[in-house]
Amino acid sequence: MFELNLSDWQILLVKLGLVLAIVPAITLVAGYAEHKVMAHLQHRLGPMYPGGFHGWATLLADGLKFIYKEDIIPAAADRKVFSLAPLAIFVPTVLTVLVLPLDETLVVEELDLGLFYLLAVSSISTIGMLMAGWSSSNKYALIGALRAAAQLIAYELPIVLSAAVAAMLAGTLSLNGIVEAQEWPFVLWPPGIGLIAFLVFFGAGVAELTRPPFDMPVAESEIITGAFTEYSGMRFIFSTFFPEVANMVIISGVATTLFLGGYQPIVPLGFLDAVPGLVWFTLKTAFMVFMLLWIRPTFPRLREDQLQKFAWKFLIPTSLVLILAAGAWVLYAPEGLK
Amino acid sequence: MNADVVREVFFWGVGAIMVIAALRVVTTQNVVHAALYLVGTLMGAAALYVLLLAEFVAWAQVLIYVGAVVVLMLFGLMLTRAPIGKANYDNSQRPLAAVVAAVLFGVMSWILIDAFSGTELELAGENAPRTQDIGAVIFSSYVWPFEIVSVLLLAALIGAVMIARRDEPEADKEVGS
Amino acid sequence: MLDERKLSAARKRTYGIGLLKGMAVTLKHLFKHNTVIEYPDEKQDLGPRTRGVIALKEENCTVCMLCARECPDWCIYIDSHKETLPPKREGGRPRKRNVLDRFAIDYALCMYCGICVEVCPYDALFWSREFEYAEYDIRQLTHEKEKLSDWMATVLPPPALEAGAEQPGQPVAATPAAAAPAPTAVAPAPTAVAPAVQPAGATTPTPAPSMSAPAETTEADKARLPAPPAHPAPRATTDPEAAGRSPEVPTTGQETVLSDQEKAVYQEDPGPNVDVPAEQPQPVALERSEDAEAVYQQVLKEQLDKGSSAQVAEARARVARAKAERGIKRGPTPLTVDKPVPSAPTKGAPRPEPSGAPEAKAPQPDPGPVAAPAEAGAAGSDEAETSAPAAAKEPAAEEPPSAEPVSTPDPQAAAPAVGGSDETPDQVFERVLQEEKAKGSSDAVAQGRAKAARVKAERAQK
Ligand code: SF4
Ligand code: SF4
């Protein structure tokens, strides 16, 4: 397992390069989808001009604009922390992609503890938020960072617990193993437990993304852009836009992997096996992304206390009960049903 | 390049980073910086665990210490007092603290060396530690410590809730979510 | 609190169905045809009353400064100077008037409240629908009068009145017999005035059919149009020359003293809701002895026949009854009005475009200026100044007061009635007090006006 040789390193470098190229590309596509889908859900058109055809180049133009923008660091800011914060948010985001199994063999690093790694790494970005908010020397930023931290801590629990349900049912922490262990009809089996765990994971995931209706950390009408109020230019992209959209795709991918059967065909029909797993994975992830995009323009923002109540009084107890139920199922369900 | 050499380089590199970060934790004048250096130290520890193939402990370290404990520390600091820039929270007990830390360091090093020096860990092959084994051990030989820690944490949790709870009648009037 | 609790309990009972409903709504919109107007490519047909940009009709502006003063943002800049015109005829008094040098609106400050347009008594400001005048330089957002005048081309004609709306009052032509104590201009067509003022059916549930018929009204209006130009007052009663006032002395003060007389003139067109001075023939509605209840029933019936909804009909009927009651109670007693209310005639009237030819003044007095002296007087402006013609092009086209010098041989007809040297200030005081009291002004008002008159008379003596 740890027999490193030169070619291993080379492979790893190539893989990393691919990830660094593909993740931004996917982020652009998802960001464009976000613009357009949200617009149409709200009876608008969204961007129509950049690039000519339905504004396909909007995000490229945006990115170009941000590159040209001045990188402002407030005079009173803590410069070092301020400049490092986007990195602390951005890097964990990219790192989470490494373990997602896009296909049976199409995974950057197949880890024994893939799920655990994923949850651990994604929790680092909270520190980035706090760093950004505190170092900006701005009250809005600080309040935004505190809100973000409180929210991420609160929703980390239901995410971990509901993911644990999936791991318990599969009997492994390896993401590939979890995918393999799932059988049709993925999320609906075992009855109730899977679906509820999925919903808990999904709800907590929306909150973890700090997307509406759980976007108090960046509630623009109250605290401008929260922790990122003082950021501009590329730092802004790397601290808000990029992680938000990329995380949206990643959470969708994780939900797909844990509950929707990952790269397995949607229905177990023989001829569908010919379709590569990547297609199924992409389709399912796209569906999940659409769900997230659908929620965003539909619901108004919650209040901070409602948000915390939702996590602590509803999601966490629910997921604890789910863990009990999943354990009972694994131990006592008749062999034929499993 | 030999895998062992790579491992050695990593070990010493990570070790140096950890030591520097740990020193900065205690010498920096800014509490938030101290907490952030602590993150560096803890991440270094996690990296060392990975080098020792203790993946589970490594991710647990990241998830719990970096993702939760330090976040809570930062959270608390920022909620209370975390001025940007230099703020001297030193007091006259610094030398005493140094002595205590030195003694602690000596004792722990001595115990660790005494207990494990010369032990060869098999990192690959049949006897390599697996996550499953950790689980099995926790719930068999170490089930009592595990349970005791659980109860302790539960007690702490309830205690915290009791302390934080306001028994004002207005609290009930809030509109439900 | 309690309600909120109930509400949240009710919310809980639905188990998130509401969330699904919300999601269904947005999903529906995903598949609906989009009605977005892609602005630079397509343009919306904006409503006729869109507040796009303010256009200035320079000829109409008399530099009264009302707009600049009322503007909440103080973003209207006006500069002007006075010009002395040679007397119109031999031996006459030279006239002074204001010439607009600069009129600018800073659209970077303007908040499009429309107060300036509302307040302009001379119909010099209009809303235009144009809104695409963004600039790269904020200074260019200050539109000078040339640019503001250019916008005039984009101003829409005033919209047609709704069916059944009150007919706006017409400019009142004072009787040529200016010296008559009571303005009798309305006398020739008293019945026509009343319906013009009252909404059909509301206060005129009378058997007189001509009164509620709009067609008749129009005819009557037409009949009145060629009336001679307005002549503000029988001011000839005082000899202005005898007052010995130099033309340079502003004729301030006359607005106080003359106001009643002026009022009499400007109330000749009573406008809606303005009661008619006693001297005038009473509108029929007030003379009828029909009892209020009958009025109520009749109006109700009329309204219902007309197809008004029950509520509207009832409301109108009630109004009619109330008016009838009041009318009966007061009977033919003189009804005085303290303030001249230049309501309808100033605005909204389909105003004939000033033809620019001076001869046009007689047949087509502009409705706007009719109320001007009253307003200007209220604002304390110099009467002679404000009523001066706005632009040299159309010296008198729209200004009935300024028509004075033409129609009256005496150019100083506007001189104050109190200015006569034969009256001491104290006498003036007494006289004005009496007049005001006779008019029914309150004590305080009467005192105030009398005092003002005295002060002015004193000043005039010096
Ligand atoms: S519309 Fe503009 S210019 Fe006119 S009063 Fe209002 S703020 Fe002033
Ligand atoms: S006439 Fe109208 S536009 Fe001219 S100054 Fe007076 S209010 Fe303003």
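The present account deals with the structure reproduced in this document. Worth saying up front: this structure is predicted, and the values here are computed from it rather than measured.

Let's talk about the overall build of chain B
Moving on, step 1. Counting its secondary structure elements, chain B contains 7 helices and 0 strands.
Moving on, step 2. Sequence-distant contacts, at least 24 apart, represent 57% of the contacts inside chain B between residues at least 6 apart.

Focus on the overall build of chain C
Moving on, step 1. The helix and strand tally for chain C stands at 18 helices and 5 strands.
Moving on, step 2. A sequence separation of at least 24 residues applies to 74% of the contacts in chain C between residues at least 6 apart.
Moving on, step 3. For chain C, the exposed surface amounts to about 24100 Å²; the carbon and sulfur share of it is 57%.

Examining the nonpolar core
Moving on, step 1. If you look at the biggest cluster of nonpolar residues, it comprises 115 residues, and the most contacted ones within it are Ile-127, Tyr-155 and Leu-258 of chain A together with Trp-59 and Leu-74 of chain B.
Moving on, step 2. Per element, the largest residue contribution to this core is 14 residues, and it comes from helix 6 (residues 139–170) of chain A.
Moving on, step 3. When sequence neighbours within four positions are dropped, the list of residues in contact with Leu-74 of chain B reads Ile-127 and Leu-130 of chain A together with Val-32, Ala-35 and Leu-36 of chain B.
Moving on, step 4. One finds Ile-76, Phe-103, Tyr-122 and Trp-151 of chain C within the second-largest nonpolar core, a separate group that totals 32 residues.

Concerning the environment of Val-254 of chain A
Moving on, step 1. Within the secondary structure, Val-254 of chain A is located in helix 10 (residues 233–259).
Moving on, step 2. Each residue touching Val-254 of chain A, except ones within four places of it in the same chain, is listed here: Leu-100, Leu-118 and Phe-201 of chain A.

Section: the site of ligand 2
Moving on, step 1. By nearness alone, 14 residues border ligand 2, and Cys-61, Cys-64, Met-65, Cys-67 and Cys-120 of chain C come closest of all.
Moving on, step 2. Grouping the amino acids of the shell around ligand 2 by side-chain chemistry returns 13 nonpolar, 1 polar and no charged.

A look at the side chain of Ser-123 of chain A
Moving on, step 1. Relative to the helices and strands, Ser-123 of chain A resides in the loop between helix 4 (114–122) and helix 5 (125–135).
Moving on, step 2. With a relative accessible area of 0%, Ser-123 of chain A lands in the buried category.
Moving on, step 3. Apart from residues lying up to four places away in sequence, Ser-123 of chain A is in contact with Glu-156 of chain A together with Val-62, Leu-63 and Gly-67 of chain B.

So, the interface of chain A and chain C
Moving on, step 1. Contact residues are listed per partner, giving 14 residues for chain A and 15 residues for chain C.
Moving on, step 2. Summed over both partners, the interface of chain A with chain C buries about 1400 Å², with 66% contributed by carbon and sulfur atoms.
Moving on, step 3. Looking at which element gives the most residues to the side of chain A that touches chain C, the answer is helix 11 (residues 277–298) of chain A, with 5 residues.
Moving on, step 4. Split into classes, the residues belonging to the side of chain A that touches chain C amount to 10 nonpolar, 3 polar and 1 charged.

Examining the sheet that holds strand 3 (residues 95–106) of chain C
Working definition: the strands of a sheet are paired by backbone hydrogen bonds and lie parallel or antiparallel to each other.
Residues and elements named next belong to chain C.
Moving on, step 1. In spatial order, the strands read 2-3-5; together these 3 strands make up an open sheet with antiparallel pairing. Each edge of the sheet is formed by a strand with only one pairing partner; in this case those strands are strand 2 (76–85) and strand 5 (142–143).
Moving on, step 2. Note: strand 3 against strand 5, 2 bridges, orientation antiparallel. What sits directly across from Ile-105, in strand 5, is His-143.

Quick word on the packing of helix 3 (residues 79–97) of chain A against helix 5 of chain A
All names here are of chain A.
Moving on, step 1. Between helix 3 and helix 5, the least distance of the axes is 8 Å, while the angle of their chain directions is 160°. By the angle between their axes, helix 3 is roughly antiparallel relative to helix 5. Of the two possible hands of crossing, helix 3 and helix 5 adopt the one that is left-handed. Of the residues in helix 5, those in contact with Val-81, Phe-82, Leu-84, Ala-85, Ala-88, Ile-89 and Pro-92 of helix 3 are Ser-125, Gly-128, Met-129, Met-131, Ala-132, Trp-134 and Ser-135.
Moving on, step 2. Of the residues contributing to the contact of helix 3 with helix 5, the split by class is 11 nonpolar, 3 polar and no charged.

A word on the packing of aromatic side chains
How two aromatic rings sit relative to each other is given by the distance of their centres and the angle of their planes.
Moving on, step 1. This structure, assessed with the given rule, holds 22 aromatic pairs over all chains.
Moving on, step 2. Put simply, the rings of Tyr-107, Tyr-112, Trp-127, Tyr-133 and Trp-151 of chain C pair up and form one aromatic cluster.
Moving on, step 3. Above the ring of Phe-66 of chain A, the side-chain terminus of Lys-65 of chain A is found at 4.9 Å from the ring centroid.
Moving on, step 4. Lying over the aromatic face of Phe-429 of chain C, Arg-454 of chain C brings its terminal NZ or CZ to 4.4 Å of the ring centre.

Let's talk about the packing of helix 8 (residues 193–208) of chain A against helix 12 (residues 304–332) of chain A
All names here are of chain A.
Moving on, step 1. Packing of helix 8 against helix 12 brings their axes to within 10 Å, and their N-to-C directions diverge by 150°. With respect to helix 12, the axis of helix 8 lies roughly antiparallel. Helix 12 is crossed by helix 8, and the crossing has left-handed handedness. Counting all contacts with helix 8, which are made through Ile-193, Ile-196, Ala-197, Val-200 and Ala-204, the residues of helix 12 involved are Leu-315, Thr-318, Ser-319, Leu-322, Ala-325, Ala-326 and Trp-329.
Moving on, step 2. Partitioned by chemical class, the residues of the contact of helix 8 with helix 12 number 10 nonpolar, 2 polar and no charged.

Rules of the game
- Residues numbered from 1 in each chain as written.
- Chains lettered and ligands numbered in written order.
- Predicted model: local features only at pLDDT ≥ 70, side-chain atom pairs only at ≥ 80, totals over all residues.
- Heavy atoms only, no water.
- Helix = DSSP H or I, 4+ residues; strand = E, 2+ residues; numbered from the N terminus.
- Contact = heavy atoms within 4.5 Å.
- Areas by Shrake-Rupley, 256 points an atom, 1.4 Å probe, with all protein chains shown as cover.
- Core = buried A, V, L, I, M, F, W, Y, C linked by side-chain atoms within 4.5 Å.
- Buried < 20%, exposed > 50% of the residue type's maximum accessible area, 1.4 Å probe, protein only.
- Near = heavy atom within 4 Å.
- Nonpolar A, V, L, I, M, F, W, Y, C, P; charged D, E, K, R; others polar.
- Buried area = accessible area lost by both parts, 1.4 Å probe.
- Pairing = 2+ DSSP bridges.
- Axes fitted to C-alpha atoms, helices over the stretch in contact; angles between N-to-C directions.
- Parallel < 35°, antiparallel > 145°, perpendicular 65-115°, else oblique.
- Left-handed = near helix turned anticlockwise from the far one by under 90°.
- Phe/Tyr/Trp six-rings, centres within 6.5 Å; stacked < 30°, edge-to-face > 60°.
- Lys NZ or Arg CZ within 6 Å of the ring centre and 35° of its normal.

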